[in-house]
Amino acid sequence: MIHTGWPSLGSGKTTCPRGGVHRWGTLLLLGWLAMQGHAMEPPPTSTVTHSASPRPLPAPQPLLLAFSSLRDRPAFATVHFYRHDGVSQGELLPGQPPQPERSDTHPSLTADGRLCLSTSKQVGGFAPHLQLYDRARREFLPELPFNGTFAARTEATLSADGRWIVLSAWDQTGQPGGWDLLLYDRSQERFVDLPGLNTVENEREPAISTDGRWITFISDRPTGMGLSDVWLYDRE
């Protein structure tokens, strides 16, 4: 089921009822309220008070970034890691070991930075597949079970806790066709249904929320506003 959603002022984003796919809208909140028949009340008068002492700023939080680069091998991309102190200093960390005649792209980290999911593409007509790398042990984890069949799987995102993998896959059995989105549960080692999400058009470049409920993606379905639109899917 497709929903246009409820607009929010200024951001251009929409939220919507549960259980459907939603397009990010551009309507103004005032216009929507007028259509709903809500009275437009003037904002209440408020008195501004100044605190005697300013509120202390939160402590800087260190950041860990994963990126794919040709800096080491001009013909094949490799995944690198970068740590920043949240203020002004940063450093490169040991990255994923380069693999012969493979390009590793689209890295995605868990919240603790230990696991990194990426797409690996070998030259010679091989389809891209997904791989997990353990930064603490500095080694790749065993092959994901769904890599055993020949099909392109790419542009994946790992959830914050490492349980969910949402990915874009080409011409999958049981799906409408073209590029579709799949959701894999690592704890159960199986794919989970996403009713109402995929269409005969293309769905690509997914991302999943921290709690695994929301999935954003782009699609060229004709009900959008342009060639590629951002959509939001509610798993609940």
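Numbers given for residues are sequential positions, taken from 1 along each chain in its written order. Per-residue local features are limited, in this predicted model, to residues with pLDDT of at least 70; the limit for side-chain atom pairs, both in listing and counting, is 80 or more; totals at the level of whole chains, interfaces and linings are taken over all residues. Where side-chain values are given, they derive from all heavy atoms of the structure, hydrogens and water being excluded.

Q: How would you summarise the overall build of the chain if you had to cite specific residues and measurements?
A: Numbering of helices and strands runs from the N terminus; a helix is a DSSP stretch of H or I covering at least four residues, while a strand is a stretch of E covering at least two. For the chain, the helix and strand inventory stands at 1 helix and 18 strands. Three exposure classes are used, based on accessible area relative to the maximum for each residue type with a 1.4 Å probe and protein chains only: buried under 20%, partly exposed in between, and exposed over 50%. Residues counted as buried form 39% of the 236 residues belonging to the chain. Here, Shrake-Rupley sampling with a 1.4 Å probe gives the accessible areas, and only protein chains in the shown set may cover a residue. For the chain, the accessible area works out to roughly 14200 Å², and carbon and sulfur atoms hold 56% of it.

Q: Give a detailed account of the nonpolar core, specifying residues and quantitative values.
A: Soluble globular proteins: nonpolar side chains tend toward being buried together. The biggest cluster of nonpolar side chains holds 13 residues, and the ones touching the most others in it are Leu117, Leu130, Leu144, Ile165 and Leu167. Going through the elements one at a time, strand S9 (115–122), strand S10 (129–134), strand S12 (153–158), strand S13 (164–170) and strand S14 (179–185) are the ones with two or more residues in this core. Ranked by residue count, the leading element in this core is S13, at 3 residues. Residues count as neighbours in contact if any of their non-hydrogen atoms are within 4.5 Å of one another. Apart from the residues lying within four places of it in its own chain, the contact partners of Leu117 are His106, Pro107, Ser108, Leu130, Gln131, Leu132, Leu144, Ala156, Thr157, Leu158 and Ile165. What is meant by a nonpolar core is a set of buried Ala, Val, Leu, Ile, Met, Phe, Trp, Tyr and Cys residues, joined one to another through side-chain atoms within 4.5 Å. With 12 residues, the next largest nonpolar core counts Trp164, Leu181, Val192 and Leu194 among its residues.

Q: Mind laying out the pairing of strand S16 (residues 203–208), listing which residues take part and the relevant values?
A: Two strands qualify as a pair provided DSSP detects at least 2 bridges between them. Bridge analysis of S16 against strand S17 (residues 214–219) gives 4 bridges, and the strand direction is antiparallel. Within S17, the position partnered with Arg204 by the bridge is Ile218.

Q: For the environment of Tyr82, give the residues involved together with the corresponding values.
A: Along the polypeptide, Tyr82 turns up in strand S6 (residues 78–84). Put simply, Tyr82 and Leu92 are 10 residues apart on the chain and 4.5 Å apart in space, counted from C-alpha to C-alpha. Here Tyr82 is in contact with Leu63, Leu64, Leu65, Phe67, Gly90, Glu91 and Leu92, once residues within four sequence places are set aside.

Q: Requested: an account of the sheet that holds strand S11 (residues 139–140), with residues and values cited.
A: Read across the sheet, 4 strands follow the order S8-S9-S10-S11 without closing on themselves; strand pairing throughout is antiparallel. Looking at strand neighbours, the two that pair on one side only are strand S8 (102–109) and S11, the edges of this open sheet. Across 6 bridges, S9 lies against S10 in antiparallel orientation. Its bridge partner being in S10, Ser118 is matched across the sheet by Gln131.

Q: Account for the sheet that holds S13, naming residues and giving values.
A: Sheets are built from strands paired through backbone hydrogen bonds, the pairs being either parallel or antiparallel. The 4 strands lie next to each other as S12-S13-S14-S15, forming an open sheet whose pairing is antiparallel. Each edge of the open sheet is held by one strand with a lone partner, namely S12 and strand S15 (190–192). Adjacent strand axes in the sheet meet at a mean angle of 35°, parallel and antiparallel pairs treated alike. Examined bridge by bridge, S13 and S14 share 7 bridges and lie antiparallel to one another. Bridge pairing in S14 places Trp164 opposite Asp185. Inter-axis angles, ranging from 0 to 180 degrees, are taken between N-to-C directions of lines fitted to C-alpha atoms, where helices are fitted over the stretch in contact.

Q: I'd love a proper account of the environment of Leu227, names of residues and values included.
A: Inspection of the secondary structure assignment puts Leu227 in the loop between S17 and strand S18 (229–234). Residue Leu227 is classed as exposed on the basis of its relative accessible area, which comes to 77%. Among residues more than four places away in sequence, those in contact with Leu227 are Ser219 and Asp220.

The values are spatial; any link to function lies outside them.
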